[in-house]
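Per-entry structural report
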Amino acid sequence: MLELRDYQEYAIKKLRGAINQGARRPLLTLPTGAGKTVLAAGMTDSAVAQGNRVLFLAHRRELIDQTYRQFYTAGIDTGILMAERPRTEAPVQVASIQTLQARLAKGGFRPPEADLVFVDEAHRAPSNQYRRILDGQYPNAVTVGLTATPVRGDGTGMGTIFDDLVIGPTVRELTDRGHLVPMRYYAPSIPDLTGVEVRDDDYVESQLAQAMDDKKLIGDIVSQWHRLASDRQTVVFASSVAHSRHLAQAFKATGVAAEHIDGETFREERDEIIRRVKRGDVQVLCNCLVTTEGWDAPEVSCAVLARPTKSLGLFLQMAGRVLRPAPGKADALLLDHSGSVHQHGFVDDNHLWSLDTTERVQDRQKRLTPDEPKRITCGSCGYVYQGRAVCPQCGWAPPAKTEAPDVDEGDLVHLDGQREREGKSRQWTRADRQRWYSMLLGHARSYGKKDGWAAHKFREKIGEWPNGLERTPQQPDGEVAGWIKHIQIRDAKRREKQA
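Residues numbered from 1 in each chain as written. Predicted model: local features only at pLDDT ≥ 70, side-chain atom pairs only at ≥ 80, totals over all residues. Heavy atoms only, no water.

**Some words on the sheet that holds strand β6 (residues 142-147)**
Here we have 7 strands laid out as an open sheet, ordered β3-β4-β2-β5-β6-β1-β7, and parallel in their pairing. Each of the sheet's edge strands pairs with one partner strand only, and the pair in question is β3 (78-81) and β7 (164-167). Here the strands of the sheet are splayed against their neighbours by 20° on average, with no regard to which way each runs. Bridge count between strand β5 (residues 116-119) and β6: 4 bridges; the pairing is parallel. Each residue of the ladder has a partner; that of V119, found in β6, is G145. The sheet strands contacting helix α1 (residues 6-20) are β1 (26-29), β6 and β7, and the helix crosses β7 at an angle near 165°. (Pairing = 2+ DSSP bridges. Helix = DSSP H or I, 4+ residues; strand = E, 2+ residues; numbered from the N terminus. Axes fitted to C-alpha atoms, helices over the stretch in contact; angles between N-to-C directions. Contact = heavy atoms within 4.5 Å.)

Given below as structure tokens:
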């Protein structure tokens, strides 16, 4: 039996209210992970009970299979319209937009009837592909768009397609209620994209890939991941297929179970890799534009952005992939090597969505909230805060003339909490200090190093010598082992540079 959350039921009520007021194409926005497919199943169940026929449009096989499973679980008689799938006359059809268009183009094809049409990932609806289907085949149907990001690539609204906007709860509201996990952010300095052109409201992919597919940048991505997220299931968003492959190879070279997928990966191979990710056999999944939309893997708790974008929608789609809760998952990490956090803000920022086709949502934010306190990045611990002069985490106060904090080359800065690398400003308890020293000793003795190595690394991390601590070796946990791997990669790169 289908069970809806209260905010899903309320969203359905708002949609029905809009339709009763004359809207024929309402657009519903709900954050990634809020359950748009479950909500669609609830509306579909009611529509079928009233004798209506329903069509659900999606652009990827994974989304189609996911929707079919959800509808089937809800007890809804559903067919699939997709290549290599037999067609049924069920009152509900989940259809591939590509298959529907291809069969219509051949002629002699009768599309399924529909009184109610859903458009999944509806930010794609302004494309000619969707317009031909919606305007040409279903001009009289009620069409409901579903998306987490109700904007075009340039940030303007979709009023040329949809006639009403229904806004559900925000990311922050769902996080506060436990339906999503909070995000913690780390970010480097903004990458050098000098010479990378902008076309169609985003970076030219070929030039972007060339700028980002750099040996040093890839090394930093792998090294920082070992330092910050070595115990997490991770998805990496690359700038090109070649970039994704190179990242996967770099992770593998450091002993990490990593794989690459892209749009050309054979279906069976891609399905098997994703199953291995869900089982935990693959820890890092590198991809280019495959897991950006509709990919559901709650087990994954870290996203690495290695793809700069000017599109707020694309940024939110990528970052939102890791917000779904899972057993034992307290939060998510965003390791931003793209400068996107500095450009677009945090995932749980309140966005003033609109159907307005003339003003970008980013410009509307600035116009309507001009007095919003600026974010301050702590020069000591890297925490980002608003509305006060002194850092609430460590007590650091900005200098009279605002200056950018000193950041070691390649080090990620923690934007919403404490930066891992600055041991000197952290208040270390004796238990913390003993744990680190014991685990560094454990590593040293396992690999034939002298105890002095552990003492020097302790001083590098903590900022003081381990005076008064017991020499009790322990096996390093994920945090300590990740930091050791990070400094090993860093030192190897330094030696390579000096050679």
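**What about the pairing of strand β13 (residues 284-287)?**
The two faces of β13 match: V284 and C286 on one face and L285 and N287 on the other face are all buried. Relative to β13, strand β11 (residues 234-237) runs parallel, the two sharing 4 bridges. Opposite T234, over in β13, you have V284 as the bridge partner. Of the strand pairs in this sheet, strand β12 (residues 258-261) and β13 are connected by 4 bridges, and their pairing is parallel. Pairing of A258 across the sheet is with V284, part of β13. (Buried < 20%, exposed > 50% of the residue type's maximum accessible area, 1.4 Å probe, protein only.)

**Things to note about the side chain of T99**
Residue placement: T99 occurs in helix α4 (residues 97-106). Excluding residues within four positions of it along the chain, T99 makes contact with L81, M82 and A83.

**Concerning the packing of aromatic side chains**
For the structure on display, the rule yields 8 aromatic pairs. Considering the side-chain rings of W225 and F251, the 5.4 Å spacing of their centres and the 90° angle between planes classify their relative orientation as edge-to-face. Of the two residues, W225 sits in helix α8 (residues 215-228) while F251 sits in helix α9 (residues 241-253), which places them 26 residues apart along the sequence. Classification of F251 as buried rests on a relative accessible area of 0%. In textbook terms, an aromatic cluster arises when at least three aromatic residues are bridged by ring pairs, as seen for F56, F71 and F118. (Phe/Tyr/Trp six-rings, centres within 6.5 Å; stacked < 30°, edge-to-face > 60°.)

**Quick look at the environment of Y130**
If you trace the backbone, Y130 turns up in helix α5 (residues 128-137). Exposure remark for Y130: the relative accessible area of 1% places this residue in the buried category. Taking the C-alpha atoms as reference points, Y130 and I97, separated by 33 residues in sequence, lie 7.4 Å from one another. Not counting the four nearest positions on each side in its chain, Y130 is found in contact with A58, H59, I97, V119, D120, R124 and A125.

**Structural notes on the nonpolar core**
Within the largest apolar cluster, 91 residues are counted, with the highest numbers of intra-cluster contacts made by L57, V117, F118, M183 and L334. If one sorts the elements of this core by residue count, helix α11 (residues 312-319) sits on top with 6 residues. Every residue in contact with L334, bar those within four places of it in the chain, is listed here: M183, R184, Y185, Y186, A303, L305, F315, A319 and V341. Formed by 23 residues, the second largest nonpolar core is a distinct cluster that contains I221, A250, C302 and I489. (Core = buried A, V, L, I, M, F, W, Y, C linked by side-chain atoms within 4.5 Å.)

**Quick notes on helix α14 (residues 430-446)**
When the terminal C-alpha atoms of α14 are compared, their 24 Å separation across 17 residues agrees well with the 24 Å that a helix rising 1.5 Å per residue should span. Those residues of α14 lying buried are R433, Q434, W436, Y437, S438, M439, L440, L441, G442, H443 and A444. At the exit of α14 stands G448, carrying a positive phi of roughly 70°. (Expected span 1.5 Å × (residues − 1).)

**A few points about the layout of surface pockets**
Empty space among the atoms becomes apparent when a probe as large as a water molecule is rolled across them. In this structure, the second largest pocket encloses a volume near 980 Å³. Lining the second largest pocket are 35 residues, and of these H59, H123, R124, L289 and E293 sit closest to its centre. Among the secondary structure elements, those contributing two or more residues to the lining of the second largest pocket are α3 (61-73), α5, β10 (202-203), α10 (267-279) and α11. At 3 residues, the largest contribution of residues to the lining of the second largest pocket is made by α11. Tallied by class, the residues present in the lining of the second largest pocket amount to 8 nonpolar, 13 polar and 14 charged. (1 Å grid on protein atoms, 1.4 Å probe; cavity = no way out; pocket = protein on both sides within 12 Å on 5 of 7 lines; lining within 4 Å. Points joined across faces, edges and corners; volume = space filled by probe spheres on them. Nonpolar A, V, L, I, M, F, W, Y, C, P; charged D, E, K, R; others polar.)

**Some words on the confidence of the model for the protein**
One rule of thumb: low pLDDT means the predicted coordinates there are not for detailed reading. Per-residue pLDDT for the protein has a mean of 86; in total, 89% of the residues score no lower than 70. Contacts for the low-pLDDT stretch residues 401-410, under 50 throughout, to residues beyond four places or in other chains number 11 contacts. Per-residue pLDDT stays below 50 along residues 416-424; that stretch engages in 36 contacts with residues further than four places along the chain or on separate chains. (pLDDT = per-residue confidence, 0-100.)

**Quick notes on unusual backbone geometry**
Even without being a glycine, D201 presents a positive backbone phi close to 70°. Along the chain, D201 turns up in the loop between β9 (198-199) and β10. A relative accessible area of 40% places D201 in the partly exposed class. Unlike most non-glycine residues, L289 shows phi in positive territory, near 60°. Residue position: L289 is located in the loop between β13 and β14 (302-305).

**Structural notes on the side chain of E293**
Tracing the backbone through its elements, the reader meets E293 in the loop between β13 and β14. Apart from the residues lying within four places of it in its own chain, the contact partners of E293 are H59, R60, E121, H123, R124, Q317 and R321.

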